[in-house]
Amino acid sequence: MENSKEDYKIQSFDQDTQMLLKTALKDPSAVNLEKVCNIIVDQSLKDQVFSKEAGRMCYTIVQAEAKQNSGNVFRRNLLNRLQQEFKEREETRTRSLQEWVCFVTFFCNVFDYLKVNNTPMEALVHPVYDCLMRMAQPEALLNEEEVDCLVLQLHRIGEQLEKMNSQRMDELFFLLRDGFLLQEGLSSMARLLLLEILEFRAGGWLLSGTAQKYYYSEIAD
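Within each chain, residue numbers correspond to sequence positions counted from 1 in written order. Only residues with pLDDT of 70 or above have their local features reported here, since the model is predicted, and side-chain atom pairs are shown and tallied only from 80 upward, although totals for entire chains, interfaces and linings are computed over all residues. To obtain the side-chain values, all non-hydrogen atoms of the structure were included, while hydrogens and water were left out.

Draft legend 1. Spatial organisation of unusual backbone geometry. With a phi close to 50°, N117 is a non-glycine residue in the positive phi region. Its location among the elements puts N117 in the loop between β1 (115-116) and β2 (119-120). Assessed through its relative accessible area of 71%, N117 is described here as exposed. Unlike most non-glycine residues, N118 shows phi in positive territory, near 65°. Checked against the element boundaries, N118 lands in the loop between β1 and β2. When its relative accessible area of 73% is taken as the criterion, N118 is described as exposed. Under the scheme used here, helices are H or I runs from DSSP no shorter than 4 residues and strands are E runs no shorter than 2 residues, and both carry numbers assigned from the N terminus. Working definition: with a 1.4 Å probe on protein chains only, accessible area under 20% of the residue-type maximum means buried, over 50% means exposed, and in between means partly exposed.

Right, dumping it as structure tokens:
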């Protein structure tokens, strides 16, 4: 793991916090891991760029803690905090769409990185689905930010999620298909993103070269 990449992600913090996080990445038993966890989650809810990569940082700390054989304090704190944010997701969405999008991005990122025996964590599967299903509801599809987030997450973890529970993926895609076909007031970008993700899954979580050229030229325009 290149430190430069880790450093790059924590430059927005003050010097003391940067030192705390750098120590946590290398020597987690030397710091207060509950504090570290809260710093990472709080920043993820505010900063969309950070939320996309914070899962990697969490993974690094979990690995470092395992190497020290000092238990799984960080992971326990992280899961507790995620559970708390998950319970309050509807209030978060009502209060701030940006914070909600950041939360879902971070949550899916943690799901992607934190594995047990190379398998995603069972405890996260249904909550992650619940968040994505919320973004596929008719009124959510009218928010381009939510559609964009939903499609990005499905590109990243859709295939893993489907392996864990294909029935819920079918339910999610019924919503997306109905949204694409029946929803009034969708922006042309939201429509394009939905069509692209429908084709992406239909192609076995891959896009043909032709489809890729089409969608990316449309998005660029």
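Draft legend 2. Inspection of the side chain of N109 at higher detail. Relative to the helices and strands, N109 resides in helix α7 (residues 97-113). Leave out the neighbours within four places in its chain, and N109 touches S51, K52, E53, A54, G55, R56 and R156. Only heavy atoms matter for contacts: two residues are in contact if any of them lie within 4.5 Å across the pair.

Draft legend 3. Focus on α7. One fewer than the residue count of a helix, multiplied by 1.5 Å, yields its expected span. Here α7 spans 24 Å end to end across 17 residues, near enough to the 24 Å set by a 1.5 Å rise per residue. Of all 17 residues in α7, 15 are buried; the element is thus mostly enclosed.

Draft legend 4. Seen up close, the nonpolar core. Each nonpolar core is a collection of buried residues, namely Ala, Val, Leu, Ile, Met, Phe, Trp, Tyr and Cys, held together in the definition by side-chain atoms within 4.5 Å. Core analysis: the largest hydrophobic core is formed by 67 residues, its most contacted members being I40, F74, L78, L154 and L176. Counting residues per element, this core draws most heavily on α7, which supplies ten residues. Excluding residues within four positions of it along the chain, L154 makes contact with L132, M169, L172, F173, L176, I197, F200 and W205.

Draft legend 5. Summary view of the packing of helix α3 (residues 33-46) against helix α5 (residues 73-87). For the pair α3 and α5, the least separation of the axes is 9 Å and the interaxial angle reads 40°. Here α3 is positioned oblique relative to α5, judged by the angle of their axes. You can see that α3 and α5 cross each other, and the crossing is right-handed. Where α3 abuts α5, its residues L33, E34, V36, C37, N38, I40, V41, D42 and L45 lie against V73, F74, N77, L78, R81 and E85. Angles here are taken between N-to-C directions and fall from 0 to 180 degrees, while the axes themselves are lines fitted to C-alpha atoms, restricted in helices to the stretch in contact. Small angles under 35 degrees read as roughly parallel and large ones over 145 as roughly antiparallel, with 65 to 115 read as roughly perpendicular and the rest as oblique. Each crossing gets its handedness from the near helix: less than a right angle anticlockwise from the far helix is left-handed, clockwise is right-handed.

Draft legend 6. Up close: the environment of S188. Turning to its location among the elements, S188 is positioned in helix α11 (residues 188-202). With a relative accessible area of 64%, S188 lands in the exposed category.

Draft legend 7. Layout of the packing of aromatic side chains. Working definition: rings of Phe, Tyr and Trp (its six-membered ring) pair if their centres are within 6.5 Å, and the pair is stacked with planes under 30 degrees apart, edge-to-face with planes over 60 apart, and tilted otherwise. Enumeration according to the criterion identifies seven aromatic pairs in this entry. When the ring of F13 is compared with that of F50, the centres are 5.7 Å apart and the planes differ by 80°; the resulting orientation is edge-to-face. Here the residue F13 occupies a position in the loop between α1 (3-10) and α2 (15-26), and F50 occupies one in helix α4 (residues 48-67), the gap between them amounting to 37 residues. With a centroid separation of 6.2 Å and 40° between ring planes, the pair formed by Y59 and Y113 is classed as tilted. One end of the pair, Y59, is in helix α4; the other, Y113, is in helix α7, with 54 residues separating them in the sequence. Relative accessible area serves as the criterion here: at 30%, Y59 is assigned to the partly exposed category.

Draft legend 8. Region of interest: the state of the cysteines. Here, a disulfide means two cysteine sulfur atoms that sit within 2.5 Å of each other. Summed over the entire model, instances satisfying the criterion amount to zero disulfides. Here C37 is not cross-linked by a disulfide; its sulfur's nearest cysteine counterpart is in C58, at 6.9 Å. Taking the relative accessible area as the measure of exposure, C37 reaches 1% and is therefore buried.

Draft legend 9. View of the pattern of salt bridges. We define a salt bridge as a contact between a side-chain nitrogen of Lys or Arg and a carboxyl oxygen of Asp or Glu at a distance within 4 Å. Within the structure shown, the criterion is met by 14 salt bridges. For the salt bridge of R93 with E139, the shortest nitrogen-to-oxygen distance reads 3.8 Å. Note that R93 is positioned in helix α6 (residues 89-95) and E139 in the loop between α8 (122-135) and α9 (144-164), a separation of 46 residues in sequence. By relative accessible area, R93 is classed as buried at 13%. For E139, a relative accessible area of 38% corresponds to the partly exposed category.

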